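Each chain, written out:
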Amino acid sequence: MLEQLKKKFQDRTVQAGVVGLGYVGLPLAVEFAKEGIHVTGIDLDSRKTEAIGAGRSYIQDVATESLAPLVASGMLRATTDFSIIRELDTINICVPTPLRKTKDPDMSFIDAASREIAKHLHPGMLIILESTTYPGTTDEMLLPILEDASGLKVGVDFFVCFSPERVDPGNPNFHTKNIPKVVGGITPACTEAGAAFYGMALDTVVPVGSTRVAEMVKLLENTFRMINIGLVNELAIMCDRMGINVWEVIDAAKTKPFGFMAFYPGPGLGGHCIPVDPYYLSWKTKQAGIEARFIELAGYINGQMPHFVVDKIQNALNDHTKPLKGSHVHILGVAYKRDIDDVRESPALDIIHLLQARGARVTYSDPYVKKCRIESTGELTAQDPLEMAATSDCVVCVTDHVVFDYAAVLEKAILIVDTRNAFKKFTSSKVVAL
Ligand SMILES: NC(=O)c1ccc[n+]([C@@H]2O[C@H](COP(=O)([O-])OP(=O)(O)OC[C@H]3O[C@@H](n4cnc5c(N)ncnc54)[C@H](O)[C@@H]3O)[C@@H](O)[C@H]2O)c1
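Residues numbered from 1 in each chain as written. Predicted model: local features only at pLDDT ≥ 70, side-chain atom pairs only at ≥ 80, totals over all residues. Heavy atoms only, no water.

**So, a nonpolar patch on the surface**
Taken together, Leu-235, Met-238, Met-242, Ile-244 and Val-249 make up a surface patch of nonpolar side chains, about 420 Å² in accessible area. Of all the elements, helix 8 (residues 211–242) adds the most residues to the nonpolar patch, at three residues. Looking at the element boundaries, Ile-244 is found in the loop between helix 8 and helix 9 (246–253). Residue classification places Ile-244 among the partly exposed positions, given a relative accessible area of 40%. (Patch = residues over 30% accessible without salt bridge, like charges linked within 9 Å, V, L, I, M, F, W, Y side chains within 5 Å. Areas by Shrake-Rupley, 256 points an atom, 1.4 Å probe, with all protein chains shown as cover. Salt bridge = Lys/Arg side-chain N within 4 Å of Asp/Glu carboxyl O. Helix = DSSP H or I, 4+ residues; strand = E, 2+ residues; numbered from the N terminus. Buried < 20%, exposed > 50% of the residue type's maximum accessible area, 1.4 Å probe, protein only.)

Here is the structure:
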């Protein structure tokens, strides 16, 4: 079975499938199609499959100009119909893994996708889970669903791997093709199949000894970021109390050529990964009787940052003899990070909610986010940043998109609270840095 599958990889006759066509799944599907591999995307959301069918991208990192020819030439197609799996040799599962309100993993998407795949699993297939999850998901959850429904034996009749997705939306230097791909299989044959599969389209493949190692790699990477950001956020709070500019401290510290890596404070964590993934690890370790104390502590500190920012805004307005209640606060940037259009878990949403709860009138501008929904008060529409800078009592830079005209905002605003050090190059008493 393995040799047959590898032969299909070698001569590019493999029929590849991607389940879940979001920020991770669509770029992956496009990368393989670009390499001359037939790819079928499957998603429950018919708006996405129809957009792909029409050659239109809905993901910022995938240009419509690169997607459309792949669809026109038949290299890439998309459907909501899982029965197409009967025609496919490989499946990459890229469905969401959010947290429940209790911060427990929500495994319902992986469960639902696995059950649909299991109905159509056939000998010779390779199934790779890419969704970020706790160690053990692939062998404890995915594998039994696949084996029980099909009667097939892993490592013999079909192959199963885990490969963490490391894509960094908006990163101009690293993308699906040139980010090294870690892959671990249930058996050595599974790892070999997975490595050969990625080797067709990606620059570097890093095989590891098991699915659990591969699952843990991703959690180490994101927990490392979350904890270091927590540390530097706490340092920012300390520096604020002591009247020290934390940004200057970090810039000087990073001149040390070894043993230090710069992380920066900010208004709080956002996105589908850093604020979420470490809790998959802490949930799992609790079952083994181990408390993941670093994760809990960093999560607490990072979760306090929107409150810290709102206090900072209130104090800055106070210095201008204005109460927060009734003041017009304009938020510059609501995406969870620079130059992307994603507001999932964005701290801007918390900050807006907290400001509104204290009686402020809040507007926002963001070239990538035309509308945003605030849980308590409903939808806001993006405004013009310069008009708002000229009329608001305080501008708060939450997301430092490159396209903002910072010099013009500074000229028009009377007060700026800068949570990203975006106004670093200007020396102005109008700017209050985090
Ligand atoms: N976005 C990132 O930057 C990033 C980076 C690395 C890893 N990840 C991980 O990758 C996984 C996917 O994240 P994403 O950002 O692409 O999510 P996303 O929400 O953008 O996309 C997921 C897609 O899966 C579809 N889907 C949901 N259930 C399905 C099902 N049962 N069958 C078929 N399709 C289904 C949804 O309609 C959606 O289109 C998550 O585990 C995430 O943690 C994300």
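Still to come is the rest of the account.
**Details of the pattern of salt bridges**
On inspection of all chains with the given rule, the structure shows 27 salt bridges. With a shortest N-O distance of 2.9 Å, Arg-212 and Glu-140 are connected by a salt bridge. Note that Arg-212 is positioned in helix 8 and Glu-140 in helix 6 (residues 137–150), a separation of 72 residues in sequence. Residue classification places Arg-212 among the partly exposed residues on the basis of a relative accessible area of 36%. Taking relative accessible area as the criterion, Glu-140 reaches 39% and is therefore assigned partly exposed. For Lys-254, the salt bridge goes to Asp-251, with nearest N and O atoms at 3.6 Å. On the basis of relative accessible area, Lys-254 is assigned to the partly exposed category, the value being 42%. By relative accessible area, Asp-251 is classed as partly exposed at 24%. If you follow the salt bridges from partner to partner, you end up with Asp-139, Glu-140, Arg-212 and Lys-284 in one network.

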